[in-house]
Amino acid sequence: RRSEKPNWDYHAEIQAFSHRVQENFDLDLLKTAFVNPCYIESEEARRRQLGLDKDAVALQLQENSGLAERGLRFARAYLEQCFEGAYPELPAKGIEALVNFLTSQELVSYVAQNLSIQDLTLCRDFPAPPDVLQRTFLAVIGALLESSGPERTGMFVRDFFIPQLIGKDLFEIWEVVNPMGLLLEELTKRNISAPEPRITRQLGVSTVLPVYFVGLYCDKKMLAEGPGETLLAAEEEAARVALRKLYGYTENRRPWDYSKPKQGLAAEKAISSN
Amino acid sequence: RYVRQLQRLQLLFSPTAADARGARQFVEEAAQDFARQHPDVVLYVSPHSGPGPAPVLRAEYLNGTVRDELIASKTSEEIVQLATKLANQSGLDIIRIRKPFHTDNPSIQGQWHPLTNKPSILTVQGPRLQPE
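Residues numbered from 1 in each chain as written. Chains lettered and ligands numbered in written order. Predicted model: local features only at pLDDT ≥ 70, side-chain atom pairs only at ≥ 80, totals over all residues. Heavy atoms only, no water.

1. Examining the packing of aromatic side chains
All names here are of chain A. Tallied over the entire structure, the rule returns 10 aromatic pairs over all chains. Centroid distance Phe137 to Phe156: 6.2 Å. Interplanar angle 45°. Geometry classified as tilted. With Phe137 in helix α8 (residues 130-148) and Phe156 in helix α9 (residues 150-161), this pair connects stretches of sequence that are 19 residues apart. Considering the side-chain rings of Phe137 and Phe161, the 5.8 Å spacing of their centres and the 50° angle between planes classify their relative orientation as tilted. Of this pair, Phe137 sits in helix α8 while Phe161 sits in helix α9, and the two are 24 residues apart along the sequence. Take Phe137: its relative accessible area is 0%, and that puts it in the buried class. On the basis of relative accessible area, Phe161 is assigned to the buried category, the value being 1%. Taking NZ or CZ as reference, Arg240 lies 5.4 Å from the ring centre of Phe171, over its face. (Phe/Tyr/Trp six-rings, centres within 6.5 Å; stacked < 30°, edge-to-face > 60°. Helix = DSSP H or I, 4+ residues; strand = E, 2+ residues; numbered from the N terminus. Buried < 20%, exposed > 50% of the residue type's maximum accessible area, 1.4 Å probe, protein only. Lys NZ or Arg CZ within 6 Å of the ring centre and 35° of its normal.)

Shown next as structure tokens:
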């Protein structure tokens, strides 16, 4: 463990962490954010083993579960709001899938590891398991919320979570079982007639690897076109392409806006809706 | 936002060895300025007494790589330059980059595939009718 190797100053490391992330933290809150419940249990067990009297050397540490919960709620509300603003056509299930992906264990623990949080956490096992890292990172977000207010925390969440969506496709994150049914619902909402699938191009029909391009036409106008190995697969792929176009999540959409926000109303709404 | 990839710098030197003179001068004069200019890097200075291993500047990065740089017989300014060079690097391995360009969008209008410019089946022209 890095904290047990020579040359380790916890206070200096925490200060460096707050400078690295360019945020002003309240250092006591930050120190509580790194303390996990398993650490407190292991410390008490160790003290009991060494025969120390419990009241004489009581641990003055608080856990990070409250901070972690607050951080998680804020992060989810803020991300939901971001996506509702950026992709207004996306249904609630899609937004939920995106937010779940962004707050999932693997992603959050990956981000936490690359920010050196795994050295600063106090926990029982080494190397720290991903759910501990996730809880610690969310507690750090909670501590930032208490110290600097919702605006700065919103910018922090945006800068560290949303770049993880770069290069990812919508349907990699959101599993849709029946894209054709979903497409029919979307089209009926917009009062467009049902799509007619037609084969646009085909290659190598009698070989092992045929390629069919199926296009979906509404009122004789092309909606989307998708390739596939069999006719059914191509139709499904065309439905997915159509859904991507409708929700505005194509590959050539405008990239995310990372400029400084002018008003703090958006983040305040996120807090008040909790 | 920009996150500096250098986590901490450990300066291991011996207070009596002759080749650690630059390291000692660096610690006396320039180390504080360096630490003030880079508040997100933790600088540890650990003199180990007696004739030990050569003086070394160890840099640890956020992705875990540890890089040692020998500072024996270097002047204080050279050590400052070395430290700033390490502070501006990332922790990726220093290997030959195969190509100096990389793009996430290799094609703007869609990559060519054998069917791009062929007319679709719906507009295929049938065989020419016999001229009357």
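2. Examining helix α3 (residues 37-49) of chain A
All names here are of chain A. With 13 residues, α3 ought to run about 18 Å at 1.5 Å a step, and its terminal C-alpha atoms sit 18 Å apart, in line with that. All of the buried residues in α3 are Pro37, Cys38, Tyr39, Ile40 and Glu43. As for α3, its buried residues are in contact with α4 (65-86) and α8. One or two steps after α3, the chain reaches Gly51, where phi turns positive at roughly 85°. (Expected span 1.5 Å × (residues − 1). Contact = heavy atoms within 4.5 Å.)

3. Concerning the domain arrangement of chain A
All names here are of chain A. Domain annotation for chain A reports domain 1 (2-171) and domain 2 (176-247). Each of domain 1 and domain 2 was reduced to a C-alpha centroid, and the two centroids are 43 Å apart. Opposite the seven residues of domain 1 that make contact, domain 2 presents seven residues. Contact between domain 1 and domain 2 buries roughly 700 Å² in total, counting both sides, with carbon and sulfur atoms accounting for 64%. Ranking the residues of domain 1 by area buried against domain 2 places Glu89, Pro91 and Phe171 at the top, with a combined share of 70%. In this assembly, domain 1 and domain 2 are joined by two salt bridges. (Domains from an automatic or database assignment. Buried area = accessible area lost by both parts, 1.4 Å probe. Salt bridge = Lys/Arg side-chain N within 4 Å of Asp/Glu carboxyl O.)

4. Considerations on the nonpolar core
Residue and element names in this part refer to chain A. Residues Phe17, Phe83, Phe137 and Trp174 are the most contacted members of the largest nonpolar core, which totals 70 residues. The leading source of residues in this core is α8, at 10 residues. Per-domain counts for this core show at least three residues from each of domain 1 (2-171) and domain 2 (176-247). When near neighbours in sequence (up to four residues on either side) are disregarded, Phe137 contacts Val108, Val111, Ala112, Leu115, Ile117, Phe156 and Phe161. (Core = buried A, V, L, I, M, F, W, Y, C linked by side-chain atoms within 4.5 Å.)

5. Quick notes on the pattern of salt bridges
Opposite charge on two side chains lets them pair, provided their charged atoms get close. Residues and elements named next belong to chain A. Following the criterion strictly, the structure yields 15 salt bridges over all chains and no others. Residues Glu186 and Lys189 are paired through a salt bridge, measuring 3.5 Å at the closest nitrogen-oxygen approach. Placement of the pair is Glu186 and Lys189 together in helix α11 (residues 179-189), with a separation of three residues, close to one helical turn. Residue class for Lys189 comes out exposed when judged on its relative accessible area of 60%. As a salt-bridge pair, Arg240 and Glu236 come within 2.9 Å of each other at their nearest N and O atoms. Taken together, the residues Arg240 and Glu236, both in helix α12 (residues 231-247) and four residues apart, mark about one turn of the helix. Overall, Glu236 belongs to the partly exposed group, its relative accessible area being 35%.

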